[in-house]
Amino acid sequence: MKGRITLLFLLLLSLVCAVSGCGFKDIDKRFFVVAMGIDRGSKSDTYRVTLRLAIPSSKIESGETKTEVESFEAPSIAEAVRHLKALVDKELDFGHCRVILFGKPLMEDGVSSPLKWLSRRRDIAMVSFMGMAEPDAFKVLKLHPQSERYPGNALFLTFGSEGTESSFTLTEYLFDWARRQKETGKDGYLPIIRRDTDNNSYRLDRVAFLDKQKLRLCLDPSETQLFNISAMHFDKSVIAVPYQGTRIVLALSQVKSRVSISKDSVPAVNYFVRAKGFLEESPQNLLEGNIDKIESMLQSNFNSQLEDLLYKIRDAGVDPYGFGLGYLAQHFGRSKEWEHWKRTYPDVSFRVTSRIVIDKSGLVK
């Protein structure tokens, strides 16, 4: 009997010895990473990693956020992050990292290695917002807007739909961007975030296109808005045309589109867009018997602008609309057809047909 008790005691003692200590750390012993920037280092084979850290505080007021920005350069991103831990007195927590920015010089060289690191880290959410920082991520993350109620709040509200919703601002997530980098026939895009030093704020009114390797094209604000309307069906936008020394501005309320790709030796892309909205700005008595004429004018102007944009994107060698993916869907994704599309894409023609309907004239007081 005593032998059995002794054996049981030794068994319990071995189990107690095998139990490790708790690895949980309290909030006051953590730095929450709310934004991360990755830039090309001073050498071609190094990366500069910048982290914006939130310091927990019970006081939440605009302009009173407690934040810290740390940066370090190393041969790899993993090494830079490990070294950054030596520069702070608390554990780095990436669970709240909702914004990831790449510097423009790094984008021009390629971001395949950073993408692999981001995809492998289990504590980085795949719903994090992605963007390209200009001139670099370090200078953008150093900015501290006075409107921020807590660290990173201005970036979160700008990228997400909780705050402002602008037709010049596109939102891209890590999961979608990673998928576009690997998807055959569909290329990636990233919103460009710039530092507005005059107003101590961010500017997001442009978009960058990438092929599977690196940056290929940046659009200006008007082209960015047109891409947002046609590709993302953003319906809180406007279409404007000049008219007798003034402007006609149609505020959109609904946008739909569909694509048809011919099976010719050199494919032709037919892009159909249907939109409706109300006149937000126009001369007085404009609609008296002129609705069809105005709609025709809006359609002609929109078709011309979108065709120019599609040719510009094609000539840059990128396909953010996913026309190549649509072409493969018609041919069961065969590799032979994909090679044919790649050869003929520089010569693909585009034809845009739109139907723009003036739903109402707006309120007239």
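It should be noted that the structure appears before, not after, this text.
Keep in mind it's a predicted model, so treat the numbers as computed, not measured. (Residues numbered from 1 in each chain as written. Predicted model: local features only at pLDDT ≥ 70, side-chain atom pairs only at ≥ 80, totals over all residues. Heavy atoms only, no water.)

### Some thoughts on the overall build of the chain
Rule in force here: Secondary structure counts use DSSP, requiring at least four H or I residues in a row for a helix and at least two E residues in a row for a strand, with both numbered from the N terminus. Whether a residue is buried, partly exposed or exposed follows from its accessible area with a 1.4 Å probe, protein chains only, as a fraction of its type maximum: under 20%, in between, or over 50%, in that order. Contacts between residues were defined by any pair of non-hydrogen atoms, one from each residue, lying within 4.5 Å.
Looking only at helices and strands, the chain has eleven helices and 13 strands in total. Going through the 365 residues of the chain one by one, you find that 45% of them count as buried. Contacts spanning at least 24 positions in sequence make up 66% of the contacts within the chain whose residues lie at least 6 apart.

### Some thoughts on the packing of aromatic side chains
Operational definition: Each Phe, Tyr or Trp ring (for Trp, its six-membered ring) is paired with any other whose centre lies within 6.5 Å, and the angle between the two planes then decides the class: stacked below 30 degrees, edge-to-face above 60, tilted in between. To sit over a ring, a charge needs its Lys NZ or Arg CZ within 6 Å of the ring centre and within 35 degrees of the ring normal.
Under the counting rule described, the total for this entry stands at 15 aromatic pairs. On the basis of an interplanar angle of 75 degrees and a centroid distance of 6.5 Å, the ring pair of phenylalanine 94 and tryptophan 117 is categorised as edge-to-face. Of this pair, phenylalanine 94 sits in the loop between β4 (91-93) and β5 (99-103) while tryptophan 117 sits in helix α4 (residues 112-120), placing them 23 residues apart in sequence. No difference in accessibility class separates phenylalanine 94 from tryptophan 117, as the two residues are buried. Members of the aromatic cluster, each reached through a chain of ring pairs, are Tyr189, Phe209, Phe227, Tyr271, Tyr311, Tyr321, Phe323 and Phe350. One Lys or Arg, arginine 40, reaches over the ring of tyrosine 47 and ends 5.1 Å from the middle of that ring. Sitting over the ring of phenylalanine 138, arginine 48 keeps its end group 3.9 Å from the ring centre.

### A look at α4
Rules: Along the arc lie the directions from the helix axis toward the C-beta atoms.
Every buried residue of α4 is accounted for by Pro114, Leu115, Trp117 and Leu118. Buried residues in α4, looked at end-on, bunch into an arc of 160 degrees, giving them a common side. Every exposed residue of α4 that faces more than 90 degrees away from the buried side is listed here: Lys116 and Arg120.

### A word on helix α8 (residues 221-232)
Under the convention used in this document: A helix is expected to span 1.5 Å for every residue after the first.
Taking 1.5 Å of rise per residue, the twelve residues of α8 would be expected to cover 16 Å, and the 15 Å separating its terminal C-alpha atoms lies within 8% of that figure. The set of residues buried in α8 consists of Glu223, Thr224, Gln225, Leu226, Phe227, Asn228, Ile229 and Ser230. Contact partners of the buried residues in α8: β7 (188-196), β8 (201-210), β10 (238-243), β11 (246-261), β12 (268-281) and α9 (291-315). Within two residues after α8, histidine 233 carries a phi angle of roughly 55 degrees, on the positive side.

### Side note on the pattern of salt bridges
Oppositely charged side chains can pair when the atoms bearing their charge come close. Let me state the cut-off plainly: Any Lys or Arg side-chain nitrogen found within 4 Å of a carboxyl oxygen on Asp or Glu counts as a salt bridge.
Per the counting criterion, the structure on display carries 19 salt bridges. The shortest N-O distance in the salt bridge between arginine 40 and aspartate 109 comes to 3.4 Å. With arginine 40 in strand β1 (residues 30-40) and aspartate 109 in helix α3 (residues 104-109), this pair connects stretches of sequence that are 69 residues apart. Between aspartate 176 and arginine 179 there is a salt bridge; the shortest N-O distance is 2.8 Å. Linking aspartate 176 with arginine 179, this pair stays in helix α7 (residues 174-182), spanning three residues, or about one helical turn.

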